Amino acid sequence: MDERYEGPCEVQVLLPLPLASAYDYLVPAGLDLAKGDFVVVPLGRREVVGIVWGRGSFSVAADRLKPIAARLDVPPLPLPLCRTIEWVAAYTLNPPGAVLRMAMSMSAALNSPKPTFAYRLREARAEIRLTEARRRVIAVLDSGPPRAARELALEAGVSASVVHGLAEAGIIEQVALAARPAFARPDPDFSAPDLSAYQEEAAARLRRAVHENFSVTLLDGVTGSGKTEVYFEAIAETLRRGRQALVLLPEIALTAQWLGRFETRFGVRPAEWHSDLTATERRIAWRAVAEGRAQAVVGARSALFLPFPALGLIVVDEEHDPSYKQEDGVIYHARDMAVVRARLSAIPVVLASATPSLETAVNVSAKRYQRLHLPERHGGAALPRIEAIDMRSDPPPRQCWLSPKLRTAIAETIGSGEQVMLFLNRRGYAPLTLCRGCGHRLQCPHCTAWLVEHRLAGRILCHHCGYNAAAPRNCPRCSAENSLAACGPGVERVAEEVAALFPEARSAIMASDTIGGPLAAEDLVRQVRDHELDLLIGTQIMAKGHHFPLLTLVGVIDADLGLGGGDLRAAERTYQLLHQVSGRAGRAERAGRVLLQTYVPDHPVIAALLSGDRDQFLAVESQTRRDYGMPPFGRLAALIVSGFDSAAVERVAAALGRAAPSGEGVEVFGPAPAPFALLRGRHRRRLLLKARKDVAVQPRLHEWLGRIKLPHGVRVQIDVDPYSFL
């Protein structure tokens, strides 16, 4: 039941600001409010928009309370989203207002849409002299619906002054038009899918789940098994019930083929929500979601905080993908928060993946999550054959990166009219540039990171803060001419080698800095699908979600990349990424082949890929984590101390180290310089709290931080359940 507040009374209003709590305001007489309503309130000398959050705390004398100025004509923030905001704030140790800001990210959508006006003929018209231009305007309106002034002038071939003259003369009149629906309604029965027996069984289970309350289901299927078509059936059932569906995707580049598949199944495209939309598109989408006019939404992780009034289903596609972790501002994992929002909304959530995260696999084993398995590719396609190329015995020529065996396989594949994908998870031309004379390395002035050469653009870039400059000709330190050498390969360098080896092959690069957005990604995907390209070279954005029938060979340039560095999830991430990119090969009737270039062919990750025994790999990885008490069998929380003054950062980090909590089941490591000790100009130190699974870390962290007074300019960022240790 809605909480209602009829003035005069006191209510708390939560503002989208990083404040410690909601503020009390007075509801004037005659104003009727409910929890979740958007209201305008005074704050200092300005007015801001906030959310009615509950009854007043009565901590301020009634005669000192400021009155609410107005309630906005916009649907209230749904109560399940309000509860989600409170939960996320408590779990991540952020002020609720900082989390609320993510739900109010499109402030322009809070204003009522401006009405659209058009002209029509008056029923009773004055007698005036009609010129030829005026007759054309009347003829257009006489034979069709009302037209906007500009449209009417264009169609009649007249100037705007002719239209305005007819209005002033009383021949035509202006009327307000009903707003056109921003998004057409998807038809759940538009196109019946052709499902295999395994798919139909899984789809039936998901359809039933839509009619029940909260549940979490892992849709676990090999690459190419048709997981998307299966969860589309859950979306269809959600739409039949008049509810809204949300699908989260990890990469915007994945939306190209996904949107086409959605349109084929439902007759229209869904609403989209991601950073590549214009401000106007985001405003329209936010308002359509809030008013229930957007029945299906596909988006990035921030779509989780859209104000769905009738949310009935959440799907997290590629649930294992690390890009679901938000690393800036409020730090959260969208997959985990999707589960939270589903639970607080009493609706099902589907997690789809061919390589489930260890956290999800453990929850399945513990019976907290259900599992639906699709063991074979749709349409009878076979899984690709995976082989390792031992680079110690089959090395490429000096300053080259394709081994002889891979070169031969590429030539044979292209020669037979099929397509090749070469994968290297490094953007640009080379990850490091150094001077042959003095040994100077080009480093970002704002970060502890090497500058990456992007030869196609003629720039050197920092992939962490965005710093970029023209590629220098001479060494910045010793001024030696032509002494700068590129070290190691990026996708541009591999493309250069491919062009030299196969000059007739039509090739393209697919990386986040070469794809200008979803439309560019869609065009590149079309070129591959229509066989306008023979060879695609790219990073992880091409590793998943794409279906290319003629692509039969995948070559992984550096299968060992990502295995080192001491990252807790290095092996798991590498396995998932290589498994996903391998799954692009042989997805139709032609057999696929995957060649992994590696210097450690006996590494457990490489061995698991070669054997195809994913479950054995997960079992070994799980046992290793259990032995060391690491997630998901233990708890971690990171504290990142940062500031522009390195001495002040060092003092705060040392003070936190001295005040660190102790006791059974709790350990604290650090402080220590972060691997990126300088990032965006801020000096950084890290501390890591490790705890048993049964220890609630949030109270410990809250008490710990309460012992320290932060000086101006120093910030402590908390990362509960860290995924990155940089």
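For the structure itself, consult the block above.
One numbering rule holds for all chains: residues counted from 1, following each sequence as written. Residue-level local features of this predicted model are given only where pLDDT is at least 70; pairs of side-chain atoms are given and counted only at 80 or more, and the full residue set underlies all totals for whole chains, interfaces and linings. Just so you know, side-chain values use all the structure's heavy atoms and leave hydrogens and water out.

Visitor: Describe unusual backbone geometry, listing the residues and the values that go with them.
Guide: Proline 632 follows proline 631 through a cis peptide bond whose omega is 10 degrees. Each helix is a run of DSSP H or I of at least 4 residues and each strand a run of E of at least 2, with the numbering of both proceeding from the N terminus. The topology assignment puts proline 632 in the loop between helix H17 (614-628) and strand E30 (634-643). Of note in this structure, aspartate 721 is not a glycine but carries a positive phi near 60 degrees. Mapped onto the elements of the fold, aspartate 721 is located in the segment after strand E33 (714-720).

Visitor: Got a sec to walk through the packing of aromatic side chains? Specific residues and values, please.
Guide: Aromatic pairing here means that ring centres of Phe, Tyr or Trp (its six-membered ring) are within 6.5 Å. Orientation follows from the plane angle: under 30 degrees is stacked, over 60 is edge-to-face, and everything else is tilted. As enumerated under the stated definition, the model contains ten aromatic pairs in all. An angle of 15 degrees between the planes, with centres 4.9 Å apart, marks the rings of tryptophan 87 and tyrosine 91 as stacked. Of the two residues, tryptophan 87 and tyrosine 91 are both situated in helix H1 (residues 79-92); the distance of four residues between them amounts to about one turn of the helix. Considering the side-chain rings of tyrosine 575 and phenylalanine 617, the 4.6 Å spacing of their centres and the 20 degrees angle between planes classify their relative orientation as stacked. One end of the pair, tyrosine 575, is in helix H15 (residues 570-582); the other, phenylalanine 617, is in helix H17, with 42 residues separating them in the sequence. One aromatic cluster in this structure is built from Tyr231, Phe232, Trp258, Phe262 and Phe266.

Visitor: Run through the nonpolar core, naming residues and quoting values.
Guide: Membership of the largest hydrophobic core comes to 59 residues, with the highest contact counts inside it found for Phe38, Leu246, Leu248, Trp286, Val297 and Ile314. Here this core gets seven residues from one element, more than from any other, and that element is helix H10 (residues 334-345). Contacts are assigned to residue pairs that have any heavy atoms within 4.5 Å of one another. Dropping the residues within four chain positions of it, leucine 246 is found in contact with Val297, Ala303, Leu304, Phe308, Leu311, Leu313, Ile314 and Val315. For this analysis, a nonpolar core means a set of buried residues of the types Ala, Val, Leu, Ile, Met, Phe, Trp, Tyr and Cys, connected via side-chain atoms within 4.5 Å. In this scheme, a residue with accessible area under 20% of its type's maximum is buried, one over 50% is exposed, and one in between is partly exposed, where area comes from a 1.4 Å probe on protein chains only.

Visitor: Describe the sheet that holds E33, with residues and values.
Guide: With respect to topology, four strands assemble into an open sheet ordered E31-E32-E30-E33, the strand pairing being antiparallel. This sheet does not close on itself; its edge strands, each paired only once, are strand E31 (666-679) and E33. The sheet shows a mean angle of 20 degrees between the axes of neighbouring strands, direction not considered. Across seven bridges, E30 lies against E33 in antiparallel orientation. In this analysis, strands are considered paired if DSSP registers two or more bridges between them. The convention used is that axes are lines fitted to C-alpha atoms, helices contributing only their stretch in contact, and that angles between N-to-C directions extend from 0 to 180 degrees.

Visitor: Break down empty space enclosed by the protein for me, citing the residues and quoting the values.
Guide: Whether a set of points on the 1 Å grid over the protein atoms alone is a cavity depends on a 1.4 Å probe fitting there but being unable to get out, while an open set qualifies as a pocket with protein on both sides within 12 Å along at least five of seven lines; lining residues are those with an atom within 4 Å of a point. Grid points are joined across faces, edges and corners, and a volume is the space filled by probe spheres set on the points. A full pass over the atoms with the stated rule returns four cavities of 30 Å³ or more. Approximately 50 Å³ is the volume attributed to the largest cavity. Lining the largest cavity, in full, are His320, Pro322, His333, Arg335, Ser357, Arg569, Glu572, Arg573, Gln576 and Tyr723. Counting residues per element, the lining of the largest cavity draws most heavily on H15, which supplies three residues. For this scheme, ten residues count as nonpolar: Ala, Val, Leu, Ile, Met, Phe, Trp, Tyr, Cys and Pro. Four count as charged, namely Asp, Glu, Lys and Arg, and the remainder, Gly too, count as polar. Here the lining of the largest cavity is composed, by residue class, of two nonpolar, four polar and four charged.

Visitor: Mind laying out the sheet that holds strand E2 (residues 9-14), listing which residues take part and the relevant values?
Guide: Pairing is antiparallel across the open sheet formed by five strands, whose spatial order is E3-E2-E6-E5-E7. What marks the edges here is a single partner per strand, and that holds for strand E3 (23-27) and strand E7 (70-71). Here E2 runs beside E3; their pairing, made up of five bridges, is antiparallel. Across the sheet, the residue bridging to glutamate 10 is leucine 26, located in E3.

Visitor: Which residues make up the pairing of E2, and what values go with them?
Guide: Here E2 lies mainly inside the structure; five of its six residues are buried. Where E2 meets strand E6 (residues 46-55), four bridges bridge the pair, whose relative direction is antiparallel. When the bridges of E6 are listed, glutamine 12 appears paired with glycine 54.

Visitor: Break down the packing of helix H11 (residues 358-365) against H17 for me, with residues and values.
Guide: Where H11 meets H17, the axes come as close as 11 Å, and the angle between the chain directions of the two elements is 95 degrees. It follows that H11 is roughly perpendicular to H17 by the angle criterion. Across from Leu358, Glu359, Ala361 and Val362 in H11, the residues of H17 making contact are Leu618, Glu621, Ser622 and Arg625. Residue composition of the contact of H11 with H17, by class: four nonpolar, one polar and three charged. Note on angle classes: values under 35 degrees are labelled roughly parallel, values over 145 roughly antiparallel, values of 65 to 115 roughly perpendicular, and the remainder oblique.

Visitor: Provide a residue-level description of the pattern of salt bridges, including the pertinent values.
Guide: A pair is scored as a salt bridge if a Lys or Arg side-chain nitrogen falls within 4 Å of a carboxyl oxygen belonging to Asp or Glu. Across all of its chains, the model carries 42 salt bridges by this definition. The partner of glutamate 155 in a salt bridge is arginine 147, and the shortest N-O contact between them spans 3.0 Å. The exposure class assigned to arginine 147 is buried, which follows from its relative accessible area of 10%. Among the ionic pairs, glutamate 453 bridges to arginine 455, the shortest N-O distance being 2.8 Å. A single network of salt bridges, built from pairs that share partners, joins Asp523, Arg526, Arg529, Asp530 and Glu532.

Visitor: Tell me about helix H9 (residues 279-290), residues and numbers included.
Guide: Every helix has an expected span of 1.5 Å times one less than the residues it contains. For H9, with twelve residues, the first-to-last C-alpha span of 16 Å sits near the 16 Å given by 1.5 Å per residue. Where the residues of H9 are buried, they touch strand E5 (38-43), helix H2 (96-103), strand E11 (244-248), strand E12 (271-273) and strand E13 (296-299). Just downstream of H9 lies glycine 292, where phi reads positive at about 75 degrees.

Visitor: Could you give an account of helix H12 (residues 404-415), naming the residues involved and the relevant values?
Guide: With twelve residues, H12 extends 16 Å from end C-alpha to end C-alpha; this agrees with the ideal 16 Å at 1.5 Å per step. Listed as buried for H12 are Leu406, Arg407, Ala409, Ile410, Thr413 and Ile414. Each buried residue of H12 lies within a common arc of 165 degrees when the element is viewed along its axis, so the set occupies one face. Across from the buried face of H12, at angles greater than 90 degrees, the exposed residues are Glu412 and Gly415. For this quantity, the arc is that covered by the directions from the helix axis to the C-beta atoms.

Visitor: Pulling in residues and values, what's your account of the layout of surface pockets?
Guide: With a probe scaled to a water molecule rolled over the atoms, the places where space remains empty come into view. Size it by volume and the second largest pocket reaches roughly 790 Å³. Forming the boundary of the second largest pocket are 31 residues, of which Tyr91, Asp336, Asn363, Lys693 and Asp721 lie nearest the centre. Elements supplying a minimum of two residues to the lining of the second largest pocket: H1, strand E16 (332-333), H10, H11 and E30. Per-class residue counts for the lining of the second largest pocket are 16 nonpolar, five polar and ten charged.

In short, the description is geometric, and any link to function would need to be established separately.
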